[in-house]
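If you want the building blocks of each chain, they are given just below.
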Amino acid sequence: MKSNQEVINEIIKGDITEIISGIKSDNPIVIANAIIYGTKFNLNDLEFNERLKYLKNSDEEVLNIPIKSLANASLSLLGIEKYTGDDAFTLRLIDNHFGID
């Protein structure tokens, strides 16, 4: 079984299988990385998209970053669901594309 860090390393490399597995993880740091890098790599996958829709209502946080903010920003950036809320943090994530290029 891979450690969380090994999974995250594979996610960062763009391993689609690990991104999809990661977004379904119970570990918030793995989920956050899956969302960020799934968005960076413009992942268009039904499982990934459905999990994002589920996570947009999550109360979990990682390093004081709400998972729902990441999910809402990702949905908007991927063109799946436009974010119409007014959460400043989510809006910054969208404006800055998570700060990744």
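Just so we're clear, the structure is a prediction, and the values are computed from it rather than from any experiment.

Enquirer: Let's hear about the overall build of the chain: which residues, and what values?
Expert: Helix and strand counts for the chain come out as six helices and two strands. Listing each helix as α and each strand as β along the chain from the N terminus yields α-α-α-α-β-β-α-α. In summary, the chain has a C-alpha radius of gyration of 12 Å against a globular reference of 13 Å for 101 residues, a match within 12%. Relative to its full complement of 101 residues, the chain shows a buried share of 42%.

Enquirer: Account for the packing of helix 2 (residues 16–23) against helix 3 (residues 28–40), naming residues and giving values.
Expert: One can describe the packing of helix 2 onto helix 3 by two numbers: an axis separation of 8 Å at closest approach and a directional angle of 130°. Classified by the angle their axes make, helix 2 and helix 3 are oblique. For the element pair helix 2 and helix 3, the recorded crossing hand is left-handed. On helix 3, the residues that touch Ile19, Gly22 and Ile23 of helix 2 are Val30, Ile31, Ala34, Ile35, Tyr37 and Gly38. Among the residues making up the contact of helix 2 with helix 3, the classes are represented as seven nonpolar, two polar and no charged.

Enquirer: Account for the nonpolar core, naming residues and giving values.
Expert: Ranked by size, the top nonpolar core spans 28 residues in total, and within it Ile35, Ile67, Leu70 and Phe98 carry the most contacts. Contributing elements (two or more residues each) for this core: helix 1 (4–12), helix 2, helix 3, helix 4 (46–55), helix 5 (67–77) and helix 6 (88–95). Here this core takes seven residues from helix 3, the largest share from any one element. Ignoring sequence-local partners within four residues, the contact set of Leu70 consists of Ala32, Ile35, Ile36, Ile65, Leu93 and Phe98.

Enquirer: How would you summarise the packing of aromatic side chains if you had to cite specific residues and measurements?
Expert: As enumerated under the stated definition, the model contains one aromatic pair in all. Judged by centre distance (6.3 Å) and plane angle (35°), the ring pair of Tyr37 and Phe41 falls under tilted. For Tyr37, a relative accessible area of 16% corresponds to the buried category.

Enquirer: Give a detailed account of the pattern of salt bridges, specifying residues and quantitative values.
Expert: Applying the stated rule across the entire model yields five salt bridges. Among the salt bridges present, the one from Glu10 reaches Lys13, with a minimum N-O distance of 3.5 Å. The exposure class of Glu10 is partly exposed, given its relative accessible area of 22%. As a salt-bridge pair, Glu50 and Lys53 come within 3.7 Å of each other at their nearest N and O atoms. Of this pair, Glu50 and Lys53 are both found in helix 4, three residues apart, which corresponds to roughly one turn of the helix. The partly exposed category is assigned to Glu50, whose relative accessible area is 41%. Since its relative accessible area comes to 30%, Lys53 is described here as partly exposed.

Enquirer: Which residues make up a negative patch on the surface, and what are the values?
Expert: A grouping of Asp26, Asp59, Glu60 and Glu61 is seen on the molecular surface, where their side chains present a negatively charged patch. Counting through the fold element by element, Glu60 comes out in the loop between helix 4 and strand 1 (61–62).

Cut-offs used in this document
Residues numbered from 1 in each chain as written. Predicted model: local features only at pLDDT ≥ 70, side-chain atom pairs only at ≥ 80, totals over all residues. Heavy atoms only, no water. Helix = DSSP H or I, 4+ residues; strand = E, 2+ residues; numbered from the N terminus. Rg over C-alpha atoms; globule rule 2.2 N^0.38 Å. Buried < 20%, exposed > 50% of the residue type's maximum accessible area, 1.4 Å probe, protein only. Axes fitted to C-alpha atoms, helices over the stretch in contact; angles between N-to-C directions. Parallel < 35°, antiparallel > 145°, perpendicular 65-115°, else oblique. Left-handed = near helix turned anticlockwise from the far one by under 90°. Contact = heavy atoms within 4.5 Å. Nonpolar A, V, L, I, M, F, W, Y, C, P; charged D, E, K, R; others polar. Core = buried A, V, L, I, M, F, W, Y, C linked by side-chain atoms within 4.5 Å. Phe/Tyr/Trp six-rings, centres within 6.5 Å; stacked < 30°, edge-to-face > 60°. Salt bridge = Lys/Arg side-chain N within 4 Å of Asp/Glu carboxyl O. Patch = residues over 30% accessible without salt bridge, like charges linked within 9 Å, V, L, I, M, F, W, Y side chains within 5 Å. Areas by Shrake-Rupley, 256 points an atom, 1.4 Å probe, with all protein chains shown as cover. Lys, Arg positive; Asp, Glu negative; His and termini not counted. Charge placed at Lys NZ, Arg CZ, Asp CG, Glu CD.

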